[in-house]
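Summary of the model geometry
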Amino acid sequence: MSSIRHYSDSEEEEEEEVEDQNWDDWEAEEDDATEEQGLNPQLLCLFCDSCYNSCSSLFKHCASAHSFDFHEIKKANKLDFYKCFKLINYIRTQVAADKRWDWGKICCSDKELKNHLLEADKFEESIIPWDDDRYLNPFLQDDALLHRFDEDGDFEDEDDAMSFDSKELAMHLSQFERLKIDEEDISSKYASEHKSPCENGEKEVKFSFDKGANTANPSESLVNGVSDIADGPSAIENTGNRKGTVSCLKIAADEIKNRNKNYFGAYSSFGIHRDMISDKVRTDAYRQALLENPSLLKSAVVMDVGCGTGILSLFAAQAGASRVFAVEASEKMAAIATQIAKDNNLLHNGSSGEGSQHNGVIEVVQGMIEELENADRIQPHSVDVLVSEWMGYCLLYESMLSSVLFARDRWLKPGGAVLPDTATMFVAGFGRGGASISFWENVYGFNMSCIGREVDDNAAGIPIVDVIDSCNIVTTTEVLQSFDLATMQPKQMEFTADVELGPKFDAPLHHPSGSKSTTNWCHGLVLWFETGFTKRFCKEKPVNLSTSPYGPSTHWSQTILTFREPIAMASNVNSEKLTLVGTNDCPAVRIQSRISIVRALQHRSIDISLELTGIGRDGRKRNWPVQIFNLN
Amino acid sequence: MDIENNVNMNESQSSDVATSKPARGKVEFEFEDEVDGAVESSNVEEDSAMCETEDTTVVAGDDKTSADYYFDSYSHFGIHEALHSMPDFLQSSVLIHASFSMQEMLKDVVRTKTYQNVIYKNSFLIKDKVVLDVGAGTGILSLFCAKAGAKHVYAVECSTMANMAQEIVKLNGFSDVITVLKGKIEEIELPVPHVDVIISEWMGYFLVYENMLNTVLYARDKWLVPDGLVLPDKASLYLTAIEDADYKEEKIEFWNNVYGFDMSCIRKQSIAEPLVDTVEQKQIVTNSQLLKTMDISKMGEVDTSFTAPFKLVAERDDYIHALVAYFDVSFTKCHKLMGFSTGPKSRATHWKQTVLYLEDVLSICQGEAVHGTMTVAPNKKNPRDVDITLKYSINGRHCQASRTQHYLMR
């Protein structure tokens, strides 16, 4: 049972601090620091209140006083600029939270802590705890250290790190090649993407730091980037416009280009469009919302973001819209949408207005919404109804939500409608039938359970998109997060939410056979979403589009997050022993989980982190190590 | 002739659901049923040859879901290659994809049970022999051979699945009989100079799409003793014609009227994509024409390009919407001929059939024939993809047509 650690149990932490090297001691060592104070840009020590004028003296202090050798760690972990940036914010976060900046492991001394950090290169990149986009946000306002930690310019010198990264980059690129689906369909137009923010402008910039920091000529451009980031999120949004970063940015842009190629390429295969359109749950919801709310659509100016075949635009035109702008990034699909609108006599053909009522209202605009060059054709704040089918797997994976919000802020009239206008994510726990292991236990008389274990182990880091049968859900269902599309800001796409799940069936108290028969094993969590076309805009006919396992299945399926180890649950625990919560002898009565979703480095991807606490009937708690899921 | 076909693994019906796929838990349950019930009564065993059964009920629903696409993209042997060339840090996610794919293949009862029966019921072929399993995957065929008394089995698998196979072998107590070797056949060294039997499940969609036959032939030429055995030793590609108004309506003509809108411009392009799907027996309008036979134990090189003529004679008055390609595989050295068919008259396999929709609907009368040729070649731009060219003509009482259509399988 070595995996059981009490990660956040502060009492134990104190007990284990045998060598008594606690924070107070560190703070006492300020003497030499104060001498250097006085000159303007103050660099605050990562651990104590000391301030310094230069990074070198600060890092020297950190090394001597706190056994934290920044350069050593940077070298040992081959940290590029961007990871260093995150490391600094990570440490500040952890120190402020009075936690050691480690992996949840309790370190007895500075030395141990340092050694522990140096071991970090054994960890896979993905689980370095500070390698998380949230640490791109400066923890301190105007943290001067973030502007200057690379001032000795040693990022230029690190040939090792550079070769490492280019190798890694090559690997990435080879991966992308593999994923390319439909390259011929995407014109070279995306090559210019790096000049302007695409769907996720800020992601692009982050990417470029990641890959670019160790390549050609980083320092100048990086300083630019740093100040942008340090200025806060709003600045980040715009950094995509900077052209200073030349080659390194180009590489990053190529990656994103490939991502977009894959993204838009994948969507130009017709089978997928047929499947999406013939997903009746999806298409009928939109059809109802558009056709059965005449007061909203009649004579309205409509924009359809990511129109694909244009089916939603066609519905809007059918519903009596006076004008429909159908925006589509894929050239191939835009051409097809144009053809389809034309074939249905619904294409707007310049000045000549045609007779029929529905004639000529659709205009297909090809390009990514964020860089519409011919946007002057659409007046800002002139759109009455913004409609989009933007939802991805797990709602946010490969979603177009940021494009929808961009379009909303630029083109929607004040008070205009967004369809759908709400999105809600749900979470519940699933049982054994939802896990892989059961299949592999008896395959034609042979035991292949090692594959099931391996898969479930791997699944503990990768969300699986699949259909879960509602009979395999073993807990209550809770709302994870709700979005109001009419008011939300793009940054709200990243969130942390806490939910508490109980057993699905409340067994009667007098259950005859005691705890045994009421125990259920929860193997993981399943996520799904609903989007609402609510009364706010759809007054005549509100519509709800659900991808719940309790309803008819959709092409979104559900998203499965597998626990590292299953957790026993029961509502009625009679023979509770003082063993670990979540085991057969002491099932949890509730599972608390904290789920964070952030956009991942990989364009259009998301990372999901999951923290779990099982609560026994006596209120005892047990925490499990955090799990990170990357949907890629 | 009666075939146990109570459970259909590949299909699940859920009429009111737009896209449906059996939940994994449910399938697993059915699968266990199948194992219990089918040990002595598999269809493949009773129909030792590829007899065309009358009462096969194929539930052909349009249940191609996102998950199917997910499997398809890593389909079949593609996954081996993907696994092999992936950097390590990506392999865990690939393993998941691969395991789903393997799961699909293992759940293909026709496929797996045929191999099982060939081995168990013809142990004289295997007993005390040295066996080479090419592309072992989970090692299931090696396990069958070991259980049938093989002297030794070399299971060669180039992907990380080899590690799993190794563990499975150990778990089931065959470590002394089965040696798992990780690597490509072309690069690996066998500890023995010769093997008596080569077993492999190398077939791809449309038989030739992303198949592994080259590798099998390489192993045959390098290690197989003279008069050694290749299992299976014969594979044949067939063509037939079907009435498919409903599905052509749904898959192709769908685009003519999408919720009342005309999207026929998409139709033109989607008709050029061969569709891997299951076809019902009752849809068959003509005889089947053998296009190509491969004798795995004797053939020289794999013909990646070939042109074959066909003549499909109508067995009744009907309409023809599509031509359908499928393959049979046989093990001719068994005590009694054994094998399986992936055709529409047999129980569905994970290979399904390959449907090539025709531009025209051909009204054909009984006794009339569609003549033509089919040309198959690797795509010039991407040799993994397959170009298929179909030339056909009919000169009947109710219908005269002649046309050439191009398809790209990818």
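Residues numbered from 1 in each chain as written. Chains lettered and ligands numbered in written order. Predicted model: local features only at pLDDT ≥ 70, side-chain atom pairs only at ≥ 80, totals over all residues. Heavy atoms only, no water.

**So, the overall build of chain A**
Within chain A, the secondary structure is distributed over 22 helices and 17 strands. Taken across its 632 residues, chain A has 58% of its residues classed as buried. By sequence separation, contacts in chain A at least 24 residues apart represent 72% of the contacts at least 6 residues apart. Split by element, the accessible area of chain A, about 24,800 Å² in all, is 49% carbon and sulfur. (Helix = DSSP H or I, 4+ residues; strand = E, 2+ residues; numbered from the N terminus. Buried < 20%, exposed > 50% of the residue type's maximum accessible area, 1.4 Å probe, protein only. Contact = heavy atoms within 4.5 Å. Areas by Shrake-Rupley, 256 points an atom, 1.4 Å probe, with all protein chains shown as cover.)

**Structural notes on the overall build of chain B**
Looking only at helices and strands, one finds 12 helices and 15 strands in chain B. In chain B, which comprises 410 residues, the proportion classed as buried is 64%. Restricting the contact set of chain B to residue pairs at least 6 apart, pairs at least 24 apart contribute 75%. Total accessible area on chain B is roughly 15,800 Å²; 49% of this is exposed by carbon and sulfur atoms.

**As for the sheet that holds strand S4 (residues 323-328) of chain A**
All names here are of chain A. Here we have 5 strands laid out as an open sheet, ordered S5-S4-S3-S6-S7, and parallel in their pairing. Two strands lie at the open edges of the sheet, namely strand S5 (362-366) and strand S7 (412-419), each paired on one side alone. Going from strand to strand, the sheet's axes swing by 25 degrees on average, the running direction of each strand aside. Relative to S5, S4 is paired through 5 bridges, and the arrangement is parallel. Following the sheet pairing, Ala326 is matched in S5 by Val364. Contacts from helix H17 (residues 311-318) reach strand S3 (301-305), S4, S5 and strand S6 (383-388), with the element oriented near 180 degrees to S4. Across the sheet, helix H18 (residues 331-343) touches S4 and S5, and the angle it forms with S5 is around 170 degrees. (Pairing = 2+ DSSP bridges. Axes fitted to C-alpha atoms, helices over the stretch in contact; angles between N-to-C directions.)

**Digging into the packing of aromatic side chains**
All names here are of chain B. This structure, assessed with the given rule, holds 16 aromatic pairs over all chains. Seen from their ring centres, Tyr115 and Phe331 are 5.3 Å apart, and the 85 degrees between their planes marks the pair as edge-to-face. Of this pair, Tyr115 sits in helix H6 (residues 109-120) while Phe331 sits in strand S10 (residues 318-331), and the two are 216 residues apart along the sequence. Note on Tyr115: relative accessible area 1%, which makes it buried. (Phe/Tyr/Trp six-rings, centres within 6.5 Å; stacked < 30°, edge-to-face > 60°.)

**A few points about the packing of helix H21 (residues 449-459) of chain A against helix H9 (residues 161-171) of chain B**
Pairs of packed helices are described in terms of their axes, by the angle between the two and the distance that separates them. Packing of H21(A) against H9(B) brings their axes to within 8 Å, and their N-to-C directions diverge by 140 degrees. By the criterion of interaxial angle, the relationship of H21(A) to H9(B) is oblique. Where H21(A) approaches H9(B), its residues Ser449(A), Cys450(A), Ile451(A), Arg453(A) and Glu454(A) are matched on the opposing element by Met161(B), Met164(B), Glu167(B), Ile168(B) and Leu171(B). Class assignment for the residues of the contact of H21(A) with H9(B) results in 6 nonpolar, 1 polar and 3 charged. (Parallel < 35°, antiparallel > 145°, perpendicular 65-115°, else oblique. Nonpolar A, V, L, I, M, F, W, Y, C, P; charged D, E, K, R; others polar.)

**Remarks on H17(A)**
For an α-helix, the turn length of 3.6 residues means that residues three or four places apart are oriented alike. Residues and elements named next belong to chain A. H17 sits mainly inside the fold: 7 of its 8 residues count as buried. Those residues of H17 that sit buried are Ile311, Leu312, Ser313, Leu314, Phe315, Ala316 and Ala317. Count one or two residues on from H17 and you reach Gly320, which has phi positive near 100 degrees.

**Digging into the nonpolar core**
All names here are of chain B. Formed by 127 residues in total, the largest nonpolar core has its most connected members in Ile126, Leu132, Ile178, Trp202, Phe206, Phe310 and Met374. Here this core spans two domains, since at least three of its residues come from each of domain 1 (19-67 + 234-409) and domain 2 (77-203). When sequence neighbours within four positions are dropped, the list of residues in contact with Met374 reads Phe206, Leu239, Leu291, Phe306, Thr307, Ala308, Phe310, Leu356, Ile388, Thr389 and Leu390. (Core = buried A, V, L, I, M, F, W, Y, C linked by side-chain atoms within 4.5 Å. Domains from an automatic or database assignment.)

**Overview of the environment of Glu157(B)**
All names here are of chain B. Here Glu157 shows up in strand S2 (residues 152-157). Residue class for Glu157 comes out buried when judged on its relative accessible area of 0%. At 3.3 Å, the side chain of Glu157 forms a polar contact with the backbone nitrogen of Ala136. (Polar contact = N/O pair within 3.5 Å; in protein donor to acceptor, adjacent residues only side chain to side chain.)

**Looking at the state of the cysteines**
Here the structure, examined in full by the defined rule, presents 0 disulfides over all chains. Cys365(B) carries a free sulfur, and the closest cysteine sulfur to it, the one in Cys399(B), is 9.0 Å from it. (Disulfide = S-S within 2.5 Å.)

**Concerning the sheet that holds strand S11 (residues 495-501) of chain A**
Residue and element names in this part refer to chain A. Ordered by their spatial adjacency, 4 strands build an open sheet running S11-S15-S16-S17, and the pairing between neighbours is antiparallel. In this open sheet, the two strands that pair with only one neighbour each are S11 and strand S17 (621-631). Neighbouring strand axes in the sheet, compared pairwise and without regard to direction, differ in orientation by 15 degrees on average. Judged from the 9 bridges that link them, strand S16 (residues 606-615) and S17 form a sheet pairing that is antiparallel. Across the sheet, residue Asp607 finds its bridge partner in S17, namely Asn630.

**With respect to the pattern of salt bridges**
A full pass over the atoms with the stated rule returns 26 salt bridges over all chains. For Arg282(A), the salt bridge is made with Glu389(A), and the minimal N-O distance between the two is 2.5 Å. A residue pair is termed long-range when its members are at least 10 positions apart, and Arg282(A) in helix H15 (residues 280-291) and Glu389(A) in the loop between S6 and helix H19 (401-411) qualify at 107 residues. We classify Glu389(A) as buried; its relative accessible area is 10%. With its nearest N and O atoms 3.7 Å apart, the salt bridge here joins Lys282(B) to Glu280(B). For Lys282(B), a relative accessible area of 63% gives the class exposed. Among the charged side chains, a network of salt bridges with common partners joins Lys248(B), Glu253(B), Arg267(B) and Glu359(B). (Salt bridge = Lys/Arg side-chain N within 4 Å of Asp/Glu carboxyl O.)

**Focus: the confidence of the model for chain B**
Taken as a whole, chain B shows an average pLDDT of 79; of its residues, 77% reach a score of 70 or greater. Scored below 50 in pLDDT, residues 1-91 of chain B shows 203 contacts in the model against residues more than four places distant or in partner chains. (pLDDT = per-residue confidence, 0-100.)

**Quick notes on the confidence of the model for chain A**
Residues and elements named next belong to chain A. Of all residues in chain A, 60% attain a pLDDT of 70 or more, and the chain-wide mean is 70. Segment residues 264-268: pLDDT under 50, and 23 contacts once partners within four positions in sequence are set aside and those in other chains are kept. Note that residues 506-516 has pLDDT below 50 and, in this model, 14 contacts with residues that lie over four places away or in other chains.

**Structural notes on H21(A)**
Counting buried positions along H21(A) yields 8 of 11 residues, so the element is predominantly enclosed. The set of residues buried in H21(A) consists of Ser449(A), Cys450(A), Ile451(A), Gly452(A), Val455(A), Asp456(A), Asn458(A) and Ala459(A).

**So, unusual backbone geometry**
Look at the link from Leu419(A) to Pro420(A): it is a cis peptide, with omega at -5 degrees. Geometrically, the link from Leu231(B) to Pro232(B) is a cis peptide bond, its omega value of -5 degrees lying close to zero. Here Pro232(B) shows up in the loop between strand S5 (224-231) and strand S6 (234-242). Positive phi values are uncommon outside glycine, yet Tyr444(A) reaches one of about 50 degrees. Its location among the elements puts Tyr444(A) in the loop between helix H20 (437-440) and H21. Tyr444(A) sits in the buried class, given a relative accessible area of 5%. Of note, Leu207(B) is a non-glycine position whose phi angle comes to about 60 degrees, a positive value. Counting through the fold element by element, Leu207(B) comes out in the loop between strand S4 (195-200) and helix H10 (213-223). Taking relative accessible area as the criterion, Leu207(B) reaches 1% and is therefore assigned buried.

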